[in-house]
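Here are the chains, one letter per residue:
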Amino acid sequence: GYPQFDVSLLLTDDTTIREINLDSRGVDGPTDILSFPFAEATAAGVLPTPEFDIPEYYSLGDMIVSVPYVAARMEEDKSLAGVDDVRGVSHAMSTEFNLERRIRMLLVHGILHLVGYDHIEDRDYNIMVAKEEEILKELGLLTEGR
């Protein structure tokens with residue numbers, strides 16, 4: 001873990017996150033979360049030692065969440081309940097219909113990106129799902145039934 005590190009979080013709307021998504025990733029559309037790590041991980045979950053010894057200034061990076069986007073996807077998932085349409089890395093997110101809890105789950109996902117996890121390749125996807133679900137269980141956001 002990284003007990004001395006913080007993150008910055010911006011809760012915003014679809015217009016703002018779409019602009020940031022276009023500027024940073026070349027994707028012209030809104031998304032649920034964007035993560036911008038301050039350091040490049042040497043491996044999934046492994047960050048380099050900070051270059052300075054001032055722990056109160058350690059930061060994993062920035063996360064930006066579009067609350068309206070998350071709410072809309074949650075409502076869409078409600079209408080798809082029982083349909084095999086997995087949203088997010090952990091399937092559990094697509095079965096969470098409380099906005100506050102869903103955003104908490106999404107923050108776990110974003111923090112994992114900040115520390116080097118990704119889900120582009122199948123192998124990396126499986127590693128990230130396992131880590132995400134481990135943390136969600138530890139935080140009480142994932143029960144055995146989900």
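It should be noted that the structure appears before, not after, this text.
Counting restarts for each chain, with residues numbered from 1 along the sequence as it is written. For this predicted model, a pLDDT threshold of at least 70 governs which residues receive local features, and a threshold of 80 or more governs which side-chain atom pairs are given and counted, while totals over whole chains, interfaces and linings are taken from all residues. Hydrogens and water molecules were not included; the side-chain quantities draw on all heavy atoms of the structure.

Engineer: Please set out the overall build of the chain residue by residue, giving values where relevant.
Structural biologist: In DSSP terms, a helix is any run of H or I states spanning at least four residues, a strand is any run of E spanning at least two, and both are numbered starting from the N terminus. Of the regular secondary structure elements, the chain holds four helices and three strands. The order of α-helices and β-strands along the chain, N terminus first, is β-α-β-β-α-α-α. Exposure categories follow from relative accessible area, calculated using a 1.4 Å probe and restricted to protein chains: below 20% of the type maximum is buried, above 50% is exposed, and the middle band is partly exposed. Per-residue burial for the chain yields a buried fraction of 32% across its 146 residues. Restricting to contacts in the chain with at least 6 residues of sequence separation, those with at least 24 account for 65%. Summed over all atoms, the accessible surface of the chain reaches about 8600 Å², with 51% contributed by carbon and sulfur. Working rule for contacts: check all heavy atoms of both residues, and any pair within 4.5 Å makes them a contact. With residues, only the protein chains shown are counted as cover, and all accessible areas are computed by Shrake-Rupley using a 1.4 Å probe.

Engineer: Just give me the short version of the packing of helix α3 (residues 99–114) against helix α4 (residues 122–138), but keep the residues and values in it.
Structural biologist: Between α3 and α4, the least distance of the axes is 10 Å, while the angle of their chain directions is 130 degrees. Classified by the interaxial angle, the pair formed by α3 and α4 is oblique. The chirality of how α3 crosses α4 is right-handed. From α3, Met105, Val108, His109, Leu112 and His113 reach across to α4, where they touch Met128, Lys131, Glu132, Ile135 and Leu136. To define axes, lines are fitted to C-alpha atoms, for helices over the stretch in contact only, and angles between the resulting N-to-C directions are given on a 0 to 180 degree scale. Each angle is binned into one of four classes, with values under 35 degrees roughly parallel, values over 145 roughly antiparallel, values of 65 to 115 roughly perpendicular, and all other values oblique. By definition, turning the near helix anticlockwise from the far helix through less than a right angle yields a left-handed crossing, and turning it clockwise yields a right-handed one.

Engineer: Please give an account of the sheet that holds strand β2 (residues 33–37) that cites residues and values.
Structural biologist: Strands pair, by our definition, only if DSSP identifies at least two bridges between them. What the three strands build is an open sheet, ordered β1-β3-β2; its pairing is mixed. If you trace the sheet from one side to the other, it starts and ends with β1 (6–12) and β2, each paired once. Averaged over all adjacent pairs, the angle separating strand axes in this sheet is 15 degrees, with direction ignored. Note: β1 against strand β3 (residues 59–66), seven bridges, orientation parallel. Bridge pairing links Thr12 to Ser66 in β3. The sheet contacts of helix α1 (residues 14–25) involve β1, β2 and β3, and relative to β2 the element is tilted by about 45 degrees. α3 contacts β1, β2 and β3 of the sheet and is inclined by roughly 140 degrees relative to β3.

Engineer: For α1, give the residues involved together with the corresponding values.
Structural biologist: Between the first and last residue of a helix there are one fewer steps than residues, each counted as 1.5 Å, and that sum is the expected span. Helix length check: α1 (12 residues) gives 15 Å between terminal C-alpha atoms against 16 Å at 1.5 Å per residue, within 8%. In this structure Asp13 caps α1, since a side-chain oxygen of it lies 3.3 Å from the backbone nitrogen of Thr15. Polar contacts here mean pairs of N or O atoms no more than 3.5 Å apart (in protein, one a potential hydrogen donor and the other a potential acceptor; neighbouring residues in sequence count only if both atoms are side-chain atoms).

Engineer: Kindly report on the side chain of His109, identifying the contributing residues and their values.
Structural biologist: Along the polypeptide, His109 turns up in helix α3. The class of His109 is buried, set by a relative accessible area of 7%. Among the polar contacts made by the side chain of His109, one reaches the side chain of Glu132 at a distance of 2.8 Å.

Engineer: Now, about the side chain of His113: what can you tell me, with residues and values included?
Structural biologist: Its place among the elements puts His113 in helix α3. Excluding its chain neighbours within four sequence positions, the residues that come into contact with His113 are Ser35, Asp118, His119 and Met128.

Engineer: Can you lay out the environment of Leu99 for me, pointing to particular residues and giving the numbers?
Structural biologist: Tracing the chain through its elements places Leu99 in helix α3. Linking Leu99 and Met74, residues 25 residues apart in sequence, is a C-alpha distance of 7.4 Å. Those residues within four positions of Leu99 in sequence are excluded, and the remaining contacts are Val67, Val70, Ala71 and Met74.

Engineer: Tell me about the pattern of salt bridges, residues and numbers included.
Structural biologist: Note on definitions: salt bridges are taken to be side-chain nitrogens of Lys or Arg within 4 Å of carboxyl oxygens of Asp or Glu. Scanning the model with the defined rule gives seven salt bridges in all. A salt bridge links Glu75 to Lys78; the shortest N-O distance between them is 3.2 Å. With Glu75 and Lys78 both in helix α2 (residues 67–79) and three residues apart, the pair spans about one turn of that helix. In this structure, Arg101 and Glu96 form a salt bridge, with 3.2 Å as the shortest nitrogen-oxygen distance. Taking relative accessible area as the criterion, Glu96 reaches 5% and is therefore assigned buried.

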